[in-house]
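Reading the structure
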Amino acid sequence: MAVGLHKYTVVEAQNAALGQAGSIYHGGTDTITGKFVAIQFLEDAVFNSTNGLVAEDDSFFPNTQNGATGIDSDGDAVDAVTFPAGMTIYGKWTQIILASGKIIAYVG
C-alpha cells in the first residue's frame, strides 16, 4: 500500500500543491481544522502557543510531540517564531491556531 506522498498520482499531487482542493483565509485566533498542505502568510504571523500548528504526523513536521506544536531539534517551539508576510511553508497539518497575523491555508 502506498503511503505519504506516494498515495497520489502525479496529477493529483500537482493539483494539491497548486491549491486545487481549495483554500481558507484565516485572520483570527479561532481554531481551523482540516487537511492543509501549505500556509501562505499575508502578514507577519505567530502561531498560538497551545497546539497552534499540529502536523498530520511526525514525518511531516519532525519532532512534534504527539501532535503538539512543532519543536525543532534545538528545542525551539514554532510558536516562538514570527513567520513573515509573503512566506509560504509546505507540509501536512490538521489544525491551525494563530496568535496573530493573517494566512491562507491550502487544503490538500
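Moving on, we come to the packing of aromatic side chains. On inspection of all chains with the given rule, the structure shows three aromatic pairs. With a centroid separation of 6.1 Å and an interplanar angle of 80 degrees, the aromatic rings of F41 and F47 are classed as edge-to-face. Among the residues examined, F47 registers a relative accessible area of 1% and is labelled buried. Aromatic ring contacts, followed pair by pair, group F41, F47 and F83 into a single cluster.

Residues I39, F41, F47, L53, I89, I96 and I103 are the most contacted members of the largest nonpolar core, which totals 16 residues. Of all the secondary structure elements, the ones that give two or more residues to this core are β2 (31-47), β3 (53-55) and β4 (88-107). Once you skip the residues sitting within four places of it in the chain, F41 turns out to touch F47, F83, P84, A85, G86, M87, I89, K102 and I103.

A separate point is the environment of E12. With respect to the helices, strands and loops of the structure, E12 is situated in helix α1 (residues 10-17). Classification of E12 by relative accessible area gives partly exposed; the value is 39%. In this structure the C-alpha to C-alpha distance between E12 and G108, which are 96 residues apart in sequence, comes to 9.6 Å.

Note that G27 resides in the loop between β1 (23-26) and β2. Residue classification places G27 among the partly exposed residues on the basis of a relative accessible area of 37%. In contact with G27, other than residues within four places in its own chain, are G101 and K102.

Further remarks concern the confidence of the model for the protein. Confidence in the prediction of the protein, expressed as mean pLDDT, is 78, and 70% of residues score 70 or more. Long-range and interchain partners of residues 63-69, a stretch whose pLDDT sits below 50, account for 19 contacts in this model, where long-range means more than four residues apart. Overall, residues 71-75 carries pLDDT values under 50, and its contacts beyond four positions in sequence, including any with other chains, amount to seven contacts.

Moving on, we come to the side chain of H26. Within the secondary structure layout, H26 lies in strand β1. For H26, a relative accessible area of 3% translates into the label buried. Among the polar contacts made by the side chain of H26, one reaches the main-chain carbonyl oxygen of G28 at a distance of 3.4 Å. Once residues lying within four places of it in the same chain are set aside, the contact partners of H26 are I32, I96, L98, G101, K102 and I103.

Definitions and limits used
- Residues numbered from 1 in each chain as written.
- Predicted model: local features only at pLDDT ≥ 70, side-chain atom pairs only at ≥ 80, totals over all residues.
- Heavy atoms only, no water.
- Phe/Tyr/Trp six-rings, centres within 6.5 Å; stacked < 30°, edge-to-face > 60°.
- Buried < 20%, exposed > 50% of the residue type's maximum accessible area, 1.4 Å probe, protein only.
- Core = buried A, V, L, I, M, F, W, Y, C linked by side-chain atoms within 4.5 Å.
- Helix = DSSP H or I, 4+ residues; strand = E, 2+ residues; numbered from the N terminus.
- Contact = heavy atoms within 4.5 Å.
- pLDDT = per-residue confidence, 0-100.
- Polar contact = N/O pair within 3.5 Å; in protein donor to acceptor, adjacent residues only side chain to side chain.

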